[in-house]
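Structural description and commentary
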Amino acid sequence: MQYTYEEIKEEIIKIIREEIGWNDNGCTFGEETRLIDDLELDSVMIVQLIVAVEEKFQIEFSDSEDLLKCLETIGSLAEWIIGN
C-alpha cells in the first residue's frame, strides 16, 4: 500500500502516542518536531519506534548512519519511509 507523506506522518504520531506511550499533554506534533530533543525519547523508546515503523510500513532500517539522519524529526522519518 502506498502512503502519502501526511498519512505517514500521522501514523508516526500515532505510534509515538499509542505504542510508545508518550504522554503529549496536549502538545501538537509537526514535521519539525525533533524526536530526541523535543520529545525526549530515550533509547528504549527509539527502539520501540523503529520496530513499530518497520512493522507498520514493511521496511527495514539497515544502515545506522541513515537511521540517525532519519530519526532527527518526524518529517525526516516520514521522508525516509517514502524513499524506502
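Residues numbered from 1 in each chain as written. Predicted model: local features only at pLDDT ≥ 70, side-chain atom pairs only at ≥ 80, totals over all residues. Heavy atoms only, no water.

For helix α1 (residues 5-19), which comprises 15 residues, the first-to-last C-alpha distance of 20 Å matches the rise-based estimate of 21 Å (1.5 Å per residue) to within 8%. Residues of α1 that are buried include every one of I8, K9, E11, I12, I13, I15 and I16, and no others. Residue G21 follows α1 closely and has a positive phi angle near 80 degrees. (Helix = DSSP H or I, 4+ residues; strand = E, 2+ residues; numbered from the N terminus. Expected span 1.5 Å × (residues − 1). Buried < 20%, exposed > 50% of the residue type's maximum accessible area, 1.4 Å probe, protein only.)

Attention shifts here to the environment of L67. Looking at the secondary structure, you find L67 in helix α3 (residues 64-70). As for L67 and W80, which are separated by 13 residues in sequence, their C-alpha atoms are 9.0 Å apart. In this structure L67 touches I50 and F61, once residues within four positions along its chain are discounted. (Contact = heavy atoms within 4.5 Å.)

Turning our eyes to something else, we now look at the pattern of salt bridges. Inspection of every chain in the model, using the stated rule, returns 4 salt bridges. A salt bridge links E11 to K56, with the nearest nitrogen and oxygen atoms 3.7 Å apart. Taken as a pair, E11 in helix α1 and K56 in helix α2 (residues 43-57) lie far apart in primary sequence, 45 residues in all. Here K56 falls in the partly exposed class, since its relative accessible area comes to 35%. Bridged by salt links that share partners, the residues R34, D37 and D38 form one connected network. (Salt bridge = Lys/Arg side-chain N within 4 Å of Asp/Glu carboxyl O.)

On to the packing of aromatic side chains. For the structure shown, the criterion picks out 2 aromatic pairs. Both rings, one in Y3 and one in F57, keep their centres 5.0 Å apart while their planes meet at 80 degrees; by these two values the pair is edge-to-face. With Y3 in the segment before α1 and F57 in helix α2, this residue pair connects regions lying 54 residues apart in the sequence. For F57, a relative accessible area of 11% translates into the label buried. Where F61 meets W80, the ring centres are 4.3 Å apart and the plane angle is 10 degrees; that geometry is what we call stacked. Residue F61 is found in the loop between α2 and α3, and its partner W80 is found in helix α4 (residues 74-83); the two are separated by 19 residues along the sequence. Note on F61: relative accessible area 13%, which makes it buried. For W80, a relative accessible area of 14% translates into the label buried. (Phe/Tyr/Trp six-rings, centres within 6.5 Å; stacked < 30°, edge-to-face > 60°.)

Taken by themselves, the reported measurements are silent on function.
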